[in-house]
Amino acid sequence: MSKNLIAALTGFVLLWSFQAVQAENWTNWRGPELNGTAQGSGYPLEWDADKNVAWSVKIPGKAGSTPVVWEDKIITTGSSNEMNAVFCFNRSGEQLWAKELGTSKPGKHKKASGSNPSPVTDGKHVFVYYKSGDFAALDLNGNIVWEQNLQEKYGEDTLWWDLGTSPVLTNEHVVVTCMQSLPSPSYLAAFDKQSGAEIWRVERETGAPEEAAQSYSTPVVTTYQGEEQIIVLGADFVTCHRAADGQELWRVGTLNPEQERFFRSIASPVISGDIVIAPYARGQSLTAIRMGGSGDVTKSHVLWTNTSLSSDVPTPAVQDGKVYVLTDKGTLGCLNAESGEELWTETVPKNRNVFSASPVMIDNKIYLTREDGVTFVVNITDHKLEYTNSLGDDQSVVATPVLVDGEILLRTFDALYCIQGEKKSVSQK
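Fair warning: this is a prediction, and the values are worked out from it, not measured in the lab. (Residues numbered from 1 in each chain as written. Predicted model: local features only at pLDDT ≥ 70, side-chain atom pairs only at ≥ 80, totals over all residues. Heavy atoms only, no water.)

Asks: I'd like to hear about the side chain of Ser 311, residue by residue, with values.
Replies: By the element assignment, Ser 311 lies in the loop between strand E22 (302-306) and strand E23 (317-319). Residue class for Ser 311 comes out buried when judged on its relative accessible area of 2%. Among the polar contacts listed, one links the side chain of Ser 311 to the backbone oxygen of Pro 314, at a separation of 2.5 Å. Sequence-distant contacts of Ser 311, that is, excluding residues within four places in its chain, are made with Ala 267, Pro 279, Tyr 280, Gly 283, Pro 316, Val 325, Leu 326, Thr 327 and Asp 328. (Helix = DSSP H or I, 4+ residues; strand = E, 2+ residues; numbered from the N terminus. Buried < 20%, exposed > 50% of the residue type's maximum accessible area, 1.4 Å probe, protein only. Polar contact = N/O pair within 3.5 Å; in protein donor to acceptor, adjacent residues only side chain to side chain. Contact = heavy atoms within 4.5 Å.)

Next up, the structure:
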């Protein structure tokens with residue numbers, strides 16, 4: 001066998017092994033592909049408080065963050081003893097460690113907390129961020145690698161409500177965005193993963209009026225024509241930044257042509273191929289933007305805008321050139337990403353609760369979790385509701401479900417549930 005062939009086979013085995021390990025991980029709140037899709041198969045379709053719940057564990061402190069998973073560790077945030085906290089559990093629900101850092105700052109809104117931002121991990125560190133401005137890196141054994149307070153460093157939080165933006169990872173850095181009202185600045189900042197040192201920081205002032213200048217959305221990191229880039233939605237604009245130095249490459253605006261004063265944004269952008277999907281205007285618009293160009297590309301790169309189907313809080317999912325939009329009131333719609341054509345809509349049963357968690361897709365199904373913890377499973381082939389699942393009364397859920405290794409992790413305000421299929425649950429007992 002030739003050396004070249006041996007090298008090629010070795011590379012294939014290593015790549016396969018890496019992808020196999022990656023399939024078991026959920027490194028950020030939107031999943032391994034950053035688009036609301038899960039990997040693998042065999043996920044549970046139905047459950048209740050007494051069926052297919054493998055375990056549950058109470059977590060101190062109200063929190064709306066989505067957990068991350070790296071191999072055998074589940075990591076989530078909350079508060080303890082009036083301090084921000086990080087909690088780590090194994091895949092059986094046993095707590096491995098907990099760490100407190102920085103004084104917690106309670107939420108203002110009834111469905112928010114001081115721990116809305118979700119953690120993110122690269123498999124070596126987990127990065128956490130809180131409403132108090134505390135920002136830190138821990139190793140996977142719970143040791144604090146570095147910590148700092150971004151509000152002490154860059155200015156007090158002027159958001160009217162509760163910080164929700166999560167950190168994101170590029171190849172080299174961990175990045176935080178802040179979009180708020182003056183006099184405190186709006187910015188993107190990148191930090192060294194190992195030391196926490198600032199690598200770059202760029203201002204992002206757009207002139208958006210009053211509350212419209214404020215955003216709770218999370219950027220998305222992508223690669224376009226071989227260059228790593230960061231897409232940011234908020235303050236009436238979509239901007240694209242070079243990941244290496246933060247330089248703005250292009251922008252689209254305004255998403256608020258009438259200068260409405262209260263168009264704060266919560267839902268985040270998602271990418272389908274080279275198309276950015278941007279929900280905005282409190283759920284009144286959905287805009288598709290072709291990536292590329294330079295400067296203001298509003299006239300040349302906006303493909304379509306839909307003013308009848310969008311979301312205020314849940315971030316859309318994308319798969320195979322289709323965009324799946326969940327409105328806050330429970331209408332699920334599927335659109336063609338290229339043309340914007342509405343392919344179908346389906347409305348799940350309504351009650352007084354709305355949707356904050358974002359949809360997650362797997363096995364031709366899409367999981368939709370309402371704020372009362374009820375999860376609907378819709379078949380995207382025939383777009384019909386197939387299952388309605390509840391963990392019982394008195395649940396509050398704004399975190400997005402985590403689907404990993406055939407299990408569903410559902411974070412309520414005060415607990416973490418692991419849901420498994422019947423065969424898997426029986427085999428583990």
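Moving on from the model shown.
Asks: Account for empty space enclosed by the protein, with residues named and values stated.
Replies: If you roll a probe as big as a water molecule over the atoms, it shows you where there is empty space left. Evaluated as defined, the whole model comprises two cavities of 30 Å³ or more. The wall of the largest cavity is formed by Tyr 129, Leu 150, Gln 151, Gly 155, Glu 156, Asp 157, Leu 159, Leu 163, Cys 178, Gln 180 and Tyr 187. Looking at side-chain class alone, the lining of the largest cavity contains six nonpolar, three polar and two charged residues. Considered as a void within the structure, the second largest cavity measures approximately 40 Å³ in volume. Lining the second largest cavity we find Phe 263, Arg 264, Ser 265, Ile 266, Ala 267, Pro 279, Tyr 280, Ala 281, Arg 282, Gly 283, Ser 311 and Asp 312. (1 Å grid on protein atoms, 1.4 Å probe; cavity = no way out; pocket = protein on both sides within 12 Å on 5 of 7 lines; lining within 4 Å. Points joined across faces, edges and corners; volume = space filled by probe spheres on them. Nonpolar A, V, L, I, M, F, W, Y, C, P; charged D, E, K, R; others polar.)

Asks: Give a description of the pairing of strand E14 (residues 220-224) that names residues and reports values.
Replies: Most of E14 is tucked away: four of the five residues are buried. The pairing of E14 with strand E15 (residues 227-234) spans five bridges and is classified as antiparallel. Opposite Thr 223, over in E15, you have Glu 228 as the bridge partner. Connecting E14 to the next strand, E15, in antiparallel fashion are two residues, including Gln 225 with a positive phi near 50°. (Pairing = 2+ DSSP bridges.)

Asks: Just give me the short version of unusual backbone geometry, but keep the residues and values in it.
Replies: The residue after Leu 182, namely Pro 183, is reached through a cis peptide bond having omega 20°. As for its placement among the helices and strands, Pro 183 is situated in the loop between strand E11 (173-178) and strand E12 (187-192). At Gln 259, a residue that is not glycine, the phi angle is positive and equals roughly 55°. Its place among the elements puts Gln 259 in the loop between strand E17 (248-253) and strand E18 (270-272). Residues other than glycine seldom take positive phi values, yet Arg 282 does so here, at roughly 55°. Along the chain, the position of Arg 282 falls in the loop between strand E19 (275-280) and strand E20 (285-290).

Asks: So, the layout of surface pockets: which residues are in play, and what are the values?
Replies: Taken as a whole, the largest pocket encloses approximately 880 Å³ of empty space. The set of elements that each furnish at least two residues to the lining of the largest pocket consists of helix H1 (3-22), strand E6 (120-121), strand E10 (168-169), E14 and E18. When residues of the lining of the largest pocket are assigned to their parent elements, the largest contribution, four residues, is made by E14. Residue classes in the lining of the largest pocket are distributed as 16 nonpolar, 19 polar and five charged. Looking at the second largest pocket, its volume works out to about 630 Å³. Lining the second largest pocket are 29 residues, and of these Asn 116, Tyr 216, Ile 266, Val 313 and Ser 356 sit closest to its centre. Residues belonging to the lining of the second largest pocket are distributed by class as follows: nine nonpolar, 14 polar and six charged.

Asks: Give me the lowdown on the packing of aromatic side chains, citing residues and values where you can.
Replies: In the structure shown here, the tally under the stated rule is nine aromatic pairs. Where Phe 135 meets Phe 191, the ring centres are 5.2 Å apart and the plane angle is 65°; that geometry is what we call edge-to-face. With Phe 135 in strand E8 (residues 134-139) and Phe 191 in strand E12, this pair connects stretches of sequence that are 56 residues apart. Phe 191 carries the same exposure label as Phe 135, and that label is buried. The residue whose ring lies beneath Arg 201 is Tyr 187, and the NZ or CZ to ring-centre distance is 4.8 Å. In this arrangement the basic side chain of Arg 251 is found over the ring face of Phe 237, its NZ or CZ atom lying 4.7 Å from the centre. (Phe/Tyr/Trp six-rings, centres within 6.5 Å; stacked < 30°, edge-to-face > 60°. Lys NZ or Arg CZ within 6 Å of the ring centre and 35° of its normal.)

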